[in-house]
Amino acid sequence: MRKECYMRILRAMTFSEVSEIYHRYLHEYFPPGEVKPLTTIERLWKEGLYYTYGLYDEDILLGFAMMVTAPGESASLLDYLAVVKEHRGSGVGSLILSSLRKLESGHVIMIETDDPDEAKSVSEREICIRRNRFYERSGAVLSDLRTDVYDCPFYIWQLTDGDLLDEEALPASMISIYKYMIPEPDYSFHVQIPKKCM
């Protein structure tokens, strides 16, 4: 076990590796509505605004984190975080987050999680609560900001080893990134930051 922990290394991935995990894992691990087109990821990648890290044990992929930002933006958004099924329950997710916090030292990583109150079943609500507790245990701080993207209501968390974004800077950063990811007119139709109260 000590050797296994020692060999776990988080490293930047190439776009060919990103394309491979996109086709192999994203559609299996995430709801269809949350999987953006690979062409969007490629566009952002070529502009230096999308980056992905993989946690490896030698050459075996254990999990990955995909992140996005916008021009002139210091904060980033955790787009996807996943642990390969065979390696779940072994601390891989927590290790990825703690490593990301060091890599992004002084900067805020914004994290979206599903709102448990919007869950459609008891089991779905339990999953949402477990996911929120995971991020809390990993050092993320829940903000008051709530968003809605393509009819998916989200909690917004902040993970950093520095100062948190304040109540004005946090939504401004989210808007900046989402407007760059989802150009008009789709942004106005499908993104609410902050979420409108009905």
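This text goes with the structure placed above it.
Residues numbered from 1 in each chain as written. Predicted model: local features only at pLDDT ≥ 70, side-chain atom pairs only at ≥ 80, totals over all residues. Heavy atoms only, no water.

### Observations concerning the pairing of strand 4 (residues 76-83)
Two faces make up the sheet, and in a regular strand the side chains alternate between them. In terms of residue burial, strand 4 counts as a mostly covered element, since 8 of its 8 residues are buried. With 3 bridges joining them, strand 4 and strand 5 (residues 109-114) adopt parallel strand pairing. Pairing of Leu78 across the sheet is with Ile111, part of strand 5. With helix 4 (residues 92-103) bridging strand 4 and its parallel neighbour strand 5, the resulting β-α-β unit is right-handed. (Buried < 20%, exposed > 50% of the residue type's maximum accessible area, 1.4 Å probe, protein only. Helix = DSSP H or I, 4+ residues; strand = E, 2+ residues; numbered from the N terminus. Pairing = 2+ DSSP bridges. Right-handed = clockwise from strand over helix to strand, strands pointing away.)

### Remarks on the packing of helix 2 (residues 15-29) against helix 3 (residues 38-46)
What describes two packed helices is the angle between their axes and the distance between those same axes. Relative to each other, helix 2 and helix 3 sit at 160°, their axes nearing to 11 Å. On the basis of their axis angle, the class for helix 2 and helix 3 is roughly antiparallel. As helix 2 runs across helix 3, the sense of the crossing is right-handed. In contact with Phe15, Val18, Ser19, Tyr22 and His23 of helix 2, helix 3 contributes Leu38, Ile41, Glu42 and Trp45. Its residues assigned to classes, the contact of helix 2 with helix 3 shows 6 nonpolar, 2 polar and 1 charged. (Axes fitted to C-alpha atoms, helices over the stretch in contact; angles between N-to-C directions. Parallel < 35°, antiparallel > 145°, perpendicular 65-115°, else oblique. Left-handed = near helix turned anticlockwise from the far one by under 90°. Contact = heavy atoms within 4.5 Å. Nonpolar A, V, L, I, M, F, W, Y, C, P; charged D, E, K, R; others polar.)

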